[in-house]
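The lines below spell out each chain.
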Amino acid sequence: MSDNIRVRFAPSPTGSLHLGGARTAIYNWLFARSVGGKFLLRIEDTDVERSRRELVDQICDSLLWLGLNWDEEPVFQSQRMNLYRERVAELLDAGKAYRCFCTSQELEAEKNATIKQNKAYRYSGKCRNLSSQQAEQLAAQGNPFTVRIRLEPGVIEWDDLVYGHIAVNNNELDDFIIQRSNGIPVYQMAVVVDDIDMKISHIIRGEDHIPNTPKQINLFRAFDQPIPQFAHLPLLLGTDNKRLSKRHGATGVDEYREQGYPAEAVLNYLALLGWAPQDEREVLEVGEIIEQFNLTAISRKAAVFDTKKLEWISGEHLSRMSAQKIKRILVPKLVASRLLTENEIDSQSDYLEAIIEILRGRIRTFNQFIEWGGYFFRDPKNYDEKAVAKYWKNPMTEQRLAEFSRELATINDFTANVLEERLRQYAERTGLKAAELIHPLRLALTGFGISPGIFQVMEILGKKNVLRRIQKAIEHFTT
Ligand code: GLU
């Protein structure tokens, strides 16, 4: 539809993909996919000291895990230094930039003087009026120089798609440096050269970049290029309304993956941090989000990241996910936790599906299948202490369970309905309440005080396992 709509996600590979970065990537991607535009990836790795190749891989991995596939080859800024230098030379030739020979000591002195007067520091423009001959001569003599943009007087304004009209007078800025004395172009320069070269139509990024935008618009103007549209995204906060940080817990997308959140839930939740569909639904498939996504519906109100909400959305996604898909993700985790061996994967397929079905409505992450369902794979090693104190206090418990277990041994049709009926009959016969049997039974079979319906659990576990576990629990509590 809109071939000329092109957006980019431009991470600096100095850390793994964090939630704020992921949300920026998601909004760029959703916008591109919703209008039939292109979503490009640009790695901003000009800071060689802090950029790391393995972090590029990690970021790409997290993006793909979220389903954010990019179009075209990723652009690496570190490979484009010559292009930036050529563009700086063009601005110099056109008189839109100039060489600045001020030494750092001179600049420091200028700065200190303005600070003393309680004024905001801006470069004095001392080298602005050097003639090109003077500048050539100073350079030829080996004097180091930076290159500065020559700002035109006037107002820079743009209609931010999220923050509305923003205007900044150029007299509030100074002729900022676009290339350092070591010949390395600065961040602002690289961004604009690339955004022009990559034909970016919309720049969607965090609101912390708003102060960069007037500078960058000045550069677009210096190159006589159309100005892209801007959409700055509101801050992400923690539940205490402070800027989201490590203090709030996990902030890396890879950490949430590790904790067993489904990718579609993370994408769904992050998409809601600043945007909501018109019908205000909260649990959405990615296709539904793309269908309803609209850049101008993004709110400028800071959004709060709440792990509890993510957990809830995650549980909702798990309850809708096909058992096949859950199994695909769960199996490697079960193998890694040594609850299943590679050889058992095929033969246990139906068993796994039965477990998924019985647990899925109660758990909120893939990892919780293992935390709460480990007993489907091995006998409980411990018994929940609180539940023991509550449900195993009657001294007759062992005797009753032993007796009921003998009755269970005679049942051939080991199905939930039959088991329930037999337990209730047995309780009635012996003058017990069904619960007085069910709770200790649950403890013996699962180690927990809560579980899915115990008769279904028994059916899935099968007679042999059930009888053995009752026996083990009795031994455990009598010794
Ligand atoms: N590399 C910048 C960052 O990670 C993004 C620059 C931009 O989107 O213009 O914050």
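Everything in this summary refers to the structure shown in the same document. Computed from a predicted model, the values in this text were never measured in an experiment.

What follows deals with the packing of helix α3 (residues 81–93) against helix α6 (residues 187–197). Axis separation between α3 and α6 bottoms out at 10 Å; the angle between their running directions is 95 degrees. With respect to α6, the axis of α3 lies roughly perpendicular. Residue-level contacts link Leu83, Tyr84, Arg87, Val88 and Leu91 of α3 to Met189, Ala190, Val193, Asp194 and Asp197 of α6. Its residues assigned to classes, the contact of α3 with α6 shows seven nonpolar, no polar and three charged.

This next bit is on the pairing of strand β5 (residues 146–149). Neither face of β5 is open: one carries Thr146 and Arg148, the other Val147 and Ile149, and all of them are buried. Note that strand β4 (residues 97–100) and β5 share four bridges and pair antiparallel. Opposite Cys100, over in β5, you have Thr146 as the bridge partner. Two strands pair when backbone bridges link them, and β5 and strand β8 (residues 177–179) are joined in this way by two bridges, in the antiparallel orientation. Residue Val147 lies in a different strand from β8, and its bridge partner there is Gln179.

Another point: the sheet that holds β8. Taken in spatial order, the three strands make up an open sheet running β4-β5-β8, and their pairing is antiparallel. Since the sheet does not close on itself, it has two edges, and those belong to β4 and β8, each with one partner. Here the average twist between neighbouring strands, direction ignored, is 45 degrees.

Moving on, we get to the pattern of salt bridges. Pairing is possible between side chains of opposite charge, provided their charged atoms come close. A full pass over the atoms with the stated rule returns 32 salt bridges. Between Arg128 and Asp175 there is a salt bridge whose closest N-O contact spans 2.7 Å. Linking Arg128 in the loop between α4 (104–116) and α5 (132–140) with Asp175 in the loop between β7 (164–169) and β8, this pair joins segments that are 47 residues apart in sequence.

This paragraph deals with the packing of aromatic side chains. Inspection of every chain in the model, using the stated rule, returns 14 aromatic pairs. Aromatic pair Tyr256 and Tyr261: ring centres 5.6 Å apart, planes at 55 degrees, arrangement tilted. Across the pair, Tyr261 and Tyr256 agree in class, each one buried. Their ring planes at 80 degrees and their centres at 6.3 Å tell us that Tyr351 and Phe377 sit as a pair that is edge-to-face.

Our next topic: the sheet that holds strand β3 (residues 75–76). One open sheet accounts for three strands, arranged β1-β2-β3; its pairing is parallel. Bordering the open sheet on either side are β1 (6–9) and β3, each of which pairs with just one other strand. The sheet contact formed by β1 and strand β2 (residues 38–43) spans four bridges and is parallel. Residue pairing in the sheet places Val7 in a bridge with Phe39 of β2. Set on the sheet, helix α2 (residues 53–66) makes contact with β1, β2 and β3; between it and β2 the angle comes to about 160 degrees.

The environment of the ligand is formed by Arg8, Ala10, Ser12, Glu44, Tyr187, Arg205 and His209. The backbone of Ala10 places a nitrogen or oxygen atom 2.7 Å from a nitrogen atom of the ligand. A distance of 2.7 Å is found between an oxygen atom of the ligand and a side-chain nitrogen or oxygen belonging to Arg205. When the free accessible area of the ligand is taken as 300 Å², the share hidden by the protein chains comes to 80%.

Attention now moves to the environment of Gln141. With respect to the secondary-structure elements, Gln141 resides in the loop between α5 and β5. Gln141 sits 47 residues away from Ala94 along the chain, and the two C-alpha atoms are 23 Å apart.

Counting buried positions over the five residues of strand β10 (residues 229–233) gives four, a clear majority of the element. Strand direction decides the pairing type here: strand β9 (residues 202–206) and β10, joined by five bridges, are parallel. Its bridge partner being in β10, Gly206 is matched across the sheet by Leu233. With helix α7 (residues 212–222) bridging β9 and its parallel neighbour β10, the resulting β-α-β unit is right-handed.

Below, the discussion takes up helix α18 (residues 416–430). The end-to-end C-alpha distance of α18 is 21 Å, a good match for the 21 Å that 15 residues give at a rise of 1.5 Å each. Within α18, burial applies to Ala416, Leu419, Leu423, Tyr426 and Ala427. Projected down its long axis, α18 shows its buried positions confined to an angular sector of 100 degrees, all on one face. Turned more than 90 degrees away from the buried face of α18 sit Asn417, Glu421, Glu428 and Arg429, all of them exposed. On the buried face of α18, the contacting elements are α17 (397–408), α19 (434–446) and α20 (454–461). Directly beyond the C-terminal end of α18, a positive phi value near 70 degrees is found at Gly431.

Looking now at the environment of Gln348. Structurally, Gln348 is set in the loop between α13 (344–347) and α14 (349–359). Here the alpha-carbon distance between Gln348 and Lys472, two residues 124 residues apart in the chain, equals 24 Å.

About the criteria used
- Every chain's residues receive numbers from 1 upward, in the order its sequence appears when written.
- Where totals are concerned, whole chains, interfaces and linings use all residues; where local detail is concerned, this predicted model gives features only for residues with pLDDT of at least 70, and gives and counts side-chain atom pairs only at 80 or more.
- Hydrogens are left out, water is left out, and the side-chain values use all remaining heavy atoms of the structure.
- A fitted line through C-alpha atoms represents every axis, and for helices the fit uses only the stretch in contact; the resulting angles, taken between N-to-C directions, go from 0 to 180 degrees.
- In this text, helices come from DSSP runs of H or I with a minimum length of four residues, and strands from runs of E with a minimum of two, each type numbered from the N-terminal end.
- Each angle receives one of four descriptions, namely roughly parallel if under 35 degrees, roughly antiparallel if over 145, roughly perpendicular if within 65 to 115, and oblique otherwise.
- Residue contacts are counted whenever heavy atoms from the two residues lie within 4.5 Å of one another.
- Asp, Glu, Lys and Arg are counted as charged, while Ala, Val, Leu, Ile, Met, Phe, Trp, Tyr, Cys and Pro are counted as nonpolar; the rest, among them Gly, fall into the polar class.
- Each residue is placed in one exposure class: buried if its accessible area under a 1.4 Å probe, protein chains only, is under 20% of its type's maximum, exposed if it is over 50%, and partly exposed if it falls in between.
- Pairing between strands requires that DSSP locate at least two bridges from one strand to the other.
- Salt bridges are identified by distance alone: a Lys or Arg side-chain nitrogen within 4 Å of an Asp or Glu carboxyl oxygen.
- For Phe, Tyr and Trp, rings pair up if their centres lie within 6.5 Å, where Trp contributes its six-membered ring, and each pair is then called stacked (planes under 30 degrees apart), edge-to-face (over 60) or tilted (otherwise).
- Any residue with a heavy atom positioned within 4 Å of a molecule or strand is treated as near that molecule or strand.
- Polar contact is the term for a pair of N or O atoms within 3.5 Å; when the atoms are in protein, one must be able to donate a hydrogen and the other to accept it, and sequence-neighboring residues count only if both atoms are side-chain atoms.
- Only the protein chains shown count as covering a residue, and every accessible area follows the Shrake-Rupley method with a 1.4 Å probe.
- Think of it like this: strands point away, you trace from the first strand over the helix to the second, and a clockwise trace means the crossover is right-handed.
- What a helix is expected to span follows from its residue count: subtract one and scale by 1.5 Å.
- Picture the helix axis, draw a direction to every C-beta atom, and the arc is the one those directions span.

Geometric descriptors of this kind do not, in isolation, establish any biological role.
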